[in-house]
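# Per-entry structural report
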Protein chains: 2
Amino acid sequence: MTIDCANCPLRQFDLFSPISKSTLAFLSRFKTGELVAQPGTEILTEQASSSQLFTTLSGMGLRYKTTSDGDRQVVGFVLPGDFIGLQSGVMDVMQHSVEASTEMRLCVFNRSDLWTLFRSQPDLAFSLTHLAANEEHLLGEALTVLGQMDAQARIAWALLRFDRRLTAVGLRKNGRVPLPYRQQDLADALGLSLVHTNKTLARFRSRQLANWSEGWLRVPEPDTLASLYDFESSITATRPLI
Amino acid sequence: MTIDCANCPLRQFDLFSPISKSTLAFLSRFKTGELVAQPGTEILTEQASSSQLFTTLSGMGLRYKTTSDGDRQVVGFVLPGDFIGLQSGVMDVMQHSVEASTEMRLCVFNRSDLWTLFRSQPDLAFSLTHLAANEEHLLGEALTVLGQMDAQARIAWALLRFDRRLTAVGLRKNGRVPLPYRQQDLADALGLSLVHTNKTLARFRSRQLANWSEGWLRVPEPDTLASLYDFESSITATRPLI
DNA sequence: CGTTGCATTGACCGCCCTCAATGCCGGTGG
DNA sequence: CCACCGGCATTGAGGGCGGTCAATGCAACG
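So, here is what we can say about the structure in this document. Bear in mind the structure is a predicted one, so any value in this text is a computation, not a measurement.

## Things to note about the relation of the copies chain B and chain A
Related by rotation about an axis and a shift along that axis, the two copies of the chain form a pair. Under the fitted operation, chain B is carried onto chain A by 0.0 Å of movement along the axis and a turn of 180°, and the coordinates agree to an RMSD of 0.0 Å. On this basis, the relationship between the two copies can be described by a two-fold rotation axis. Same-surface contact between copies: 98% of interface residues of chain B are shared with the interface of chain A.

Shown next as structure tokens:
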């Protein structure tokens, strides 16, 4: 039993830009089904082509690259609403792998329909470009964080982003959001060692600034934490949902 | 006296994917003029909107973000053939600034024509998305380098990329390519201090692996340098030129 | 009840940062 | 013509942030 795009549970959130009825109708045809991925499953593989593209309905995952010496760099976290596989769609192969951290429910699209989309739905084509530009923005910000900030600021930045984004898709409950990653994942995303990530998280916990444990993240006063590290206030521009 | 897209001096290089006559004709109309930017000029500004988009015909520049505490992160280097301003085109504002390092000649497009492009030229729309995905790829690779590699590997990676890319646009002469940046620019791109960047460059010079001085870069044996740091061989996929 | 995965904590030290001084070059004005 | 200055490259000294190594605890699982 799959969800109709017209009743997409994600579209209600202000995070996502509105969409016209006719475009929505096309999207419904574009969507060919749903896929449930179990934790640990590799959904897309670096350097491989894929005939399918996805949108995350629920659950969370990781985008990562593997270096030749076996290290891993997490280049992003896949959260509900995120589109997966655009690189494969336009460049033929993925430049990073995508793996499910929790059970994930995914909308499935056929890559072969992508060209039809570009020909007949310029607004959706525009939205796809918007999504790509948005990824570029996120990566640019991450690069700045890795290049210029120390461990405390990096972790504070990441936790704040999680808090904001997960709240925006309705996952905050009782002042906390689910964060089902391992400390190693965060370490690999921020260019830190597991040990140092752990110690820094412990410091935030004892200072009551942020508490991430047992899969839940609680940030009592996001603005206080942000001001401590000079992060600009949470400007949440809307983005497309495809 | 501006260059007609049909005679674009860049399009001859294998780096760029071929394009149909009719698409080329549209491009010629899309291009509204040329702009010459002097060294030091800010072409686009972070957090600002721009009514114009550009393609680099010649010259080089920098993309960078400024952090609230005054630091600078170089998120990319603008080389001939690079498109500038896509973020502003689809997301309304730029997420990084672009500044000319040398004198630059730029093709100028009107942002207001972008929508027409998406409606009437799906192949160009696809190419734009391709370019955005390509930027995402570059940033992901940069993130991996900053997150996982030490100073020597970071600098080797950057120098190899310059060597390959500048060669691909015909700028290699007498076994060297022009590299008109300051050491500070590279340091800010790689998340290193100027001092350490300088010392590491000196080490490469004395080991005869790479010599960057007085605006020119000479890498005698790129493959040797690449193998020293476990970089995959130079896979140069083609990309669109708009 | 051994094993496996993840979180936690302590000891040690190295890469790279900061601070600081010097040299070189081109531009500018007295 | 020369003194001065600003921008950039270079080099040495010293120290700190965050790295690796290693051991322990704990919970889930076969």
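## Structural notes on the protein's contact with DNA strand D
Near DNA strand D, the surroundings consist of 13 residues, among which Ala151 and Ser193 of chain A together with Arg182, Gln183 and Asn198 of chain B are the closest. In DNA strand D, atoms within 4 Å of the protein come from the sugar-phosphate backbone in 67% of cases. Measuring from a phosphate oxygen of DNA strand D, one finds a side-chain N or O atom of Ser193 of chain A at 2.9 Å. Within the side chain of His196 of chain A, a nitrogen or oxygen atom sits 3.4 Å from a phosphate oxygen of DNA strand D. A total of four residues in the surface near DNA strand D trace back to one element, the largest contributor, which is helix H7 (residues 194-206) of chain B. Among the residues making up the surface near DNA strand D, the classes are represented as four nonpolar, five polar and four charged.

## Examining the packing of helix H4 (residues 122-148) of chain A against helix H5 (residues 151-168) of chain A
Geometry of a packed helix pair, given as the angle between the helix axes and the separation of the axes. Residue and element names in this part refer to chain A. For the pair H4 and H5, interaxial distance at closest approach is 9 Å and the crossing angle is 155°. The pairing of H4 with H5 is recorded here as roughly antiparallel in orientation. In this structure, H4 crosses over H5, and the sense of that crossing is right-handed. Taken together, the residues of H5 that come into contact with H4 (itself represented by Leu138, Glu141, Ala142, Val145 and Leu146) are Arg154, Trp157 and Arg161. Of the residues that constitute the contact of H4 with H5, the class distribution is five nonpolar, no polar and three charged.

## So, the sheet that holds strand S6 (residues 83-84) of chain B
Residue and element names in this part refer to chain B. In space, the four strands of this open sheet follow the order S1-S8-S3-S6, with antiparallel pairing throughout. Bordering the open sheet on either side are strand S1 (31-37) and S6, each of which pairs with just one other strand. Two strands pair when backbone bridges link them, and strand S3 (residues 52-58) and strand S8 (residues 104-110) are joined in this way by six bridges, in the antiparallel orientation. By the bridge assignment for S8, Leu53 is matched with Phe109. On the sheet, helix H1 (residues 21-30) packs against S1 and S8 and is oriented at approximately 60° with respect to S1.

## Things to note about the protein's contact with DNA strand C
Among the 13 residues in the neighbourhood of DNA strand C, the closest are listed as Arg182, Gln183 and Asn198 of chain A together with Ala151 and Ser193 of chain B. Backbone atoms, meaning sugar and phosphate, make up 64% of the atoms of DNA strand C lying within 4 Å of the protein. Here Arg182 of chain A contributes a side-chain N or O atom positioned 3.3 Å from a phosphate oxygen of DNA strand C. A distance of 2.5 Å separates a phosphate oxygen of DNA strand C from a polar atom in the side chain of Gln183 of chain A. Counting residues per element, the ones that place at least two in the surface near DNA strand C are helix H7 (194-206) of chain A together with H7 of chain B. At four residues, H7 of chain A tops the list of elements feeding residues into the surface near DNA strand C. By residue class, the composition of the surface near DNA strand C is four nonpolar, five polar and four charged.

Rules behind the numbers
Residues numbered from 1 in each chain as written. Chains lettered and ligands numbered in written order. Predicted model: local features only at pLDDT ≥ 70, side-chain atom pairs only at ≥ 80, totals over all residues. Heavy atoms only, no water. Least-squares fit on C-alpha atoms with pLDDT ≥ 70 in both. Contact = heavy atoms within 4.5 Å. Near = heavy atom within 4 Å. Polar contact = N/O pair within 3.5 Å; in protein donor to acceptor, adjacent residues only side chain to side chain. Helix = DSSP H or I, 4+ residues; strand = E, 2+ residues; numbered from the N terminus. Nonpolar A, V, L, I, M, F, W, Y, C, P; charged D, E, K, R; others polar. Axes fitted to C-alpha atoms, helices over the stretch in contact; angles between N-to-C directions. Parallel < 35°, antiparallel > 145°, perpendicular 65-115°, else oblique. Left-handed = near helix turned anticlockwise from the far one by under 90°. Pairing = 2+ DSSP bridges.

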